[in-house]
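# Structural characterization, general
Residue strings, one per chain:
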Amino acid sequence: MSELRRRAAAGEAEHDHSDRETVEDKYVEADADSAVEGDVTDAPLPTDSTPLLLNNALSGMSSRWKNWWIRGIFSLTMITLFFFLIYLGPAMLILLVSAIQVKCFHEIISIGHRFYKSYELPWFRTLSWYFLLCVNYFFYGETLADYFATFVQREESLQFLIRYHRFISFALYVIGFCMFVLSLVKKHYRLQFYMFGWTHVTLLITVTQSHLIIQNLFEGIIWFLVPVSIVICNDIMAYLFGFFFGRTPLIKLSPKKTWEGFIGGFFLTIIFGFLFSYILAQFQYFVCPVEYNSDTNSFSISCEPSELFSLHSYTVPPYLQSLLGWVRALLFLGLMYTYTWMLPPLREK
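Residues numbered from 1 in each chain as written. Predicted model: local features only at pLDDT ≥ 70, side-chain atom pairs only at ≥ 80, totals over all residues. Heavy atoms only, no water.

The test is simple: UniProt positions are given in the numbering used here, feature names are shortened, and annotations may be inferred rather than shown by experiment.
An unreviewed UniProt entry lists the protein chain under the name phosphatidate cytidylyltransferase, with Engystomops pustulosus as the source organism. The UniProt entry for the protein chain carries the following text under Subcellular location (unreviewed entry): "Membrane".

What follows is the structure in C-alpha cells.
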C-alpha cells in the first residue's frame, strides 16, 4: 500500500510539473511582452564629475553657492568654446551639430539597451547604428548634391553616387530591415518590434532636427546662432532669476523651478533676442548664405544683405496707437495686481 501511495504521489507530481511547464510556456511570451511595464532595471545614480581642483577651491562655501560658481565657470567655458567654433567657420559648426546628433542618439539608444538588457536582443545596438548611418547617408547626400554641386561635378567617383543616391539609400535601408527580420527571436517578437520603433523614433528626433539645423546654417549663420543663443540665454536667465528671487514653485515635476525664474527668463530672452539679432544683422558674415568655393576648397560668405536685415520705419494708424496704449496700461495693471495681491499668498503656501 505504501508503495502504491508513493507511485500515485510521484504520478501526481509529474502531472503537476508537466501542467506547470505548459502554463509557463504559455505565458512566457506574455511576460516578455509585458517587460515594458515592469521588468526594467534601475537607471544608475548620477555621479559628481566636478574636477578635484574646483572642488577644493570651493570647499569652504555652502552647497548653494558652490553650485552657483560651478555652473557659472562651466557656462563661461562652454560659451567661450562656442564662440571659438563660430570664429573657425561653418565647417566646424556643421561638425558640432553632427557630434551632438551622434551623442544624443547614443544616449537615447543606451536607455533602451539598459532597460531591456536582460533579454539580450541580438543585433540591437548594431542595427541601431546601422540605421543611423543609412539615414545620415541619405540626408547628407542630399545636402552634398545641393550645396557642393561644382565639387561633385568635378569628381567622377561622386557623380555615380549622386545620380543613384536615393536608390542606394533605399537599398541600404532594405538590407537593414532584412537583417532585423533575420534577428527576430521566438517569444520576443513584440519586444523586438518595440525596440525597432524606439530606434526609428530616435532617428526622427535626432537626425531630422540636425539636418534642418544644417540647412538653416547654409542659409546664413544668423539662422543658426539666434535660436541656439536664445535657448542658452533663457536657461541662464531663468536660473539667475530663480537663484536670487525665486520663491514660488512652478511645477512639482521640477521642484527647483520657480515662477520668478520663469517670468524673468521670459522677458530677458525677448530683449536679448531683439538686441542680438540687431547686432548680427550688421555683418555679412552672419546674414549671407554659406557657399562652397570649389577653387579654394573653402566656404565663402559674401553677398548684398537682404532687406530683411535692414531697419524699416512703419507708421501705425491712429486708432491702433490708442488701442496699443490701452493694452500697455492693462498689462501694467495686471502685473501690478499679480505682484501685489497674488504672489504673497502663493509665497505663504
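### Considering the overall build of the protein chain
Operational definition: Secondary structure elements follow DSSP: runs of H or I of four or more residues count as helices, runs of E of two or more count as strands, with numbering from the N terminus. In this scheme, a residue with accessible area under 20% of its type's maximum is buried, one over 50% is exposed, and one in between is partly exposed, where area comes from a 1.4 Å probe on protein chains only. Two residues form a contact once any of their heavy atoms are found within 4.5 Å.
Looking only at helices and strands, the protein chain features 13 helices and two strands. Relative to its 349 residues, the protein chain shows a buried fraction of 27%. Of all intrachain contacts in the protein chain linking residues separated by at least 6 positions in sequence, the fraction that spans at least 24 positions is 67%.

### Some thoughts on the nonpolar core
Side chains of nonpolar character tend, in soluble globular proteins, to be buried together. Spelled out, the test is: Take the buried Ala, Val, Leu, Ile, Met, Phe, Trp, Tyr and Cys residues and link them wherever side-chain atoms come within 4.5 Å; each set so joined is a nonpolar core.
Core analysis: the largest hydrophobic core is formed by 25 residues, its most contacted members being Leu93, Ile221, Ile222, Phe224, Leu225, Leu280 and Phe286. At the level of secondary structure, the elements contributing two or more residues to this core comprise helix 3 (63-88), helix 4 (90-115), helix 9 (189-219), helix 10 (222-245), helix 11 (259-280) and helix 12 (284-287). For this core, the element with the highest residue contribution is helix 10, accounting for four residues. Filtering out sequence-adjacent residues up to four positions away, Leu280 remains in contact with Ile222, Leu225, Val226, Phe286 and Val287.

### A closer look at helix 9
For an α-helix the count is 3.6 residues per turn, leaving residues at separations of three or four pointing the same way. We apply this condition: Expected span of a helix, by definition, is 1.5 Å for each gap between consecutive residues, and there is one gap fewer than residues. Working definition for bend: take the seven residues up to and ending at a residue and the seven starting at it, fit an axis to each, and measure the angle between the axes.
An ideal rise of 1.5 Å per residue puts 45 Å on 31 residues; helix 9 measures up with 45 Å between its terminal C-alpha atoms. In helix 9, a bend of some 25° at Leu203 exceeds every other bend along the element.

### Regarding the packing of aromatic side chains
Quick note on the threshold: Any two of the Phe, Tyr and Trp rings considered here, Trp counted by its six-membered ring, make a pair once their centres fall within 6.5 Å; the pair's planes then place it as stacked at under 30 degrees, edge-to-face at over 60, or tilted in between.
The tally for this structure, following the rule as stated, stands at 22 aromatic pairs. Arranged with centres 5.2 Å apart and planes meeting at 70°, the rings of Phe105 and Trp129 form a pair that is edge-to-face. A residue pair is termed long-range when its members are at least 10 positions apart, and Phe105 in helix 4 and Trp129 in helix 5 (residues 124-147) qualify at 24 residues. The exposure class of Phe105 is buried, given its relative accessible area of 0%. Residue class for Trp129 comes out partly exposed when judged on its relative accessible area of 28%. Each ring, one from Phe272 and one from Phe276, has its centre 5.1 Å from the other, and the planes form 15°; the classification is stacked. Of the two residues, Phe272 and Phe276 are both situated in helix 11; the distance of four residues between them amounts to about one turn of the helix.

### Comments concerning a nonpolar patch on the surface
What counts is decided by this rule: To count toward a patch, a residue needs a relative accessible area over 30% and no salt bridge; like charges are then connected within 9 Å, while nonpolar side chains (Val, Leu, Ile, Met, Phe, Trp, Tyr) are connected within 5 Å. The accessible surface values rely on the Shrake-Rupley method and a 1.4 Å probe; as for residues, cover is taken only from the protein chains in view. Salt bridge criterion: a side-chain nitrogen from Lys or Arg within 4 Å of a carboxyl oxygen from Asp or Glu.
Residues Trp259, Phe262, Ile263, Phe266, Phe267, Leu268, Ile270 and Phe274 make up a contiguous nonpolar surface patch of roughly 780 Å² in combined accessible area. The topology assignment puts Ile263 in helix 11.

### Some details on the UniProt feature "transmembrane region" (unreviewed entry) in the protein chain
What UniProt calls "transmembrane region" (unreviewed entry) maps, in this numbering, to residues 123-140, 160-182, 194-214, 220-246, 258-281 and 323-343. Helix makes up 96% of residues 160-182 and strand 0%, and the two end C-alpha atoms of the span are 31 Å apart. The span residues 220-246 carries 89% helix and 0% strand; its end-to-end C-alpha distance comes to 38 Å.

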